[in-house]
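Architecture and fold: a report
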Amino acid sequence: MVKADFFKNSENKLLGFCISGHSDYAAMGDDVACASISSAVMLTANAMTDIFKLDAKVGVQENEIMLKLNGADDIGDKLLLSLLTQLYEIQHQYPSSVEITIYDR
């Protein structure tokens, strides 16, 4: 299962995420759920850092990616909310493939 942890501040602005694991919907390389998640995550991270040039720390490891904004940002919040919405849609289609949690920071 993919574990998607999002972090928000006291003003309900999203600050980042840590996404790890594998959806186990199908074998690696054939897993449409995992591919959908990976694509949405990479689009969000690249838009934040390469297009909007937001001040964010990104870390990528085997089966894990994290992104943390250095301070609340309206554009960053909207991009993260878009990713969160997409992950909820994927969760709806593949309920046993992704677990989403939102934490206060």
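Residues numbered from 1 in each chain as written. Predicted model: local features only at pLDDT ≥ 70, side-chain atom pairs only at ≥ 80, totals over all residues. Heavy atoms only, no water.

Some thoughts on the environment of Asn12
You can see Asn12 is positioned in the loop between strand 1 (2-8) and strand 2 (14-21). In this structure, the C-alpha to C-alpha distance between Asn12 and Lys78, residues 66 residues apart in sequence, is 12 Å. Here Lys8 takes part through its side chain, which lies 2.8 Å from a polar atom of the side chain of Asn12. (Helix = DSSP H or I, 4+ residues; strand = E, 2+ residues; numbered from the N terminus. Polar contact = N/O pair within 3.5 Å; in protein donor to acceptor, adjacent residues only side chain to side chain.)

Description of the nonpolar core
In terms of nonpolar packing, the biggest core is built from 26 residues, with Phe6, Phe17, Ile19, Ile37, Leu83 and Leu87 touching the most fellow members. Going through the elements one at a time, strand 1, strand 2, helix 1 (32-51), strand 4 (64-69), helix 2 (74-93) and strand 5 (98-104) are the ones with two or more residues in this core. When residues of this core are assigned to their parent elements, the largest contribution, seven residues, is made by helix 1. Excluding residues within four positions of it along the chain, Ile37 makes contact with Val2, Ile19, Leu87, Ile90 and Val98. (Core = buried A, V, L, I, M, F, W, Y, C linked by side-chain atoms within 4.5 Å. Buried < 20%, exposed > 50% of the residue type's maximum accessible area, 1.4 Å probe, protein only. Contact = heavy atoms within 4.5 Å.)

Comments concerning the sheet that holds strand 3 (residues 56-61)
The strand order 3-4-2-1-5 describes an open sheet built from five strands, whose pairing is mixed. Since the sheet does not close on itself, it has two edges, and those belong to strand 3 and strand 5, each with one partner. The sheet shows a mean angle of 10° between the axes of neighbouring strands, taken without regard to direction. For strand 1 and strand 2, the ladder comprises seven bridges, and the chain directions are antiparallel. What sits directly across from Lys3, in strand 2, is Ser20. The strands that helix 1 touches are strand 1, strand 2, strand 3, strand 4 and strand 5; relative to strand 4, the one it contacts most, it runs at about 30°. (Pairing = 2+ DSSP bridges. Axes fitted to C-alpha atoms, helices over the stretch in contact; angles between N-to-C directions.)

Structural notes on the pairing of strand 2
The element strand 2 is largely enclosed, with a buried count of six among its eight residues. Following strand 1, the chain reverses through five residues before pairing antiparallel with strand 2; Asn12 in that reversal takes a positive phi of roughly 70°. Of the strand pairs in this sheet, strand 2 and strand 4 are connected by five bridges, and their pairing is antiparallel. Looking at the pairing, Cys18 lines up with Met66 of strand 4.

A look at the pattern of salt bridges
Within this structure, the stated rule accounts for four salt bridges. Between Lys3 and Glu99 there is a salt bridge, with its nearest N and O atoms 3.5 Å apart. With Lys3 in strand 1 and Glu99 in strand 5, the pair connects residues that are 96 residues apart, well separated along the chain. Lys8 serves as the salt-bridge partner of Asp104, at 3.6 Å between the closest nitrogen and oxygen. You can see Asp104 sitting in strand 5 and its partner Lys8 sitting in strand 1, a full 96 residues away along the chain. Judged by relative accessible area, Asp104 falls into the exposed class, the value being 61%. (Salt bridge = Lys/Arg side-chain N within 4 Å of Asp/Glu carboxyl O.)

Function cannot be inferred from these measures alone, as they are strictly geometric.
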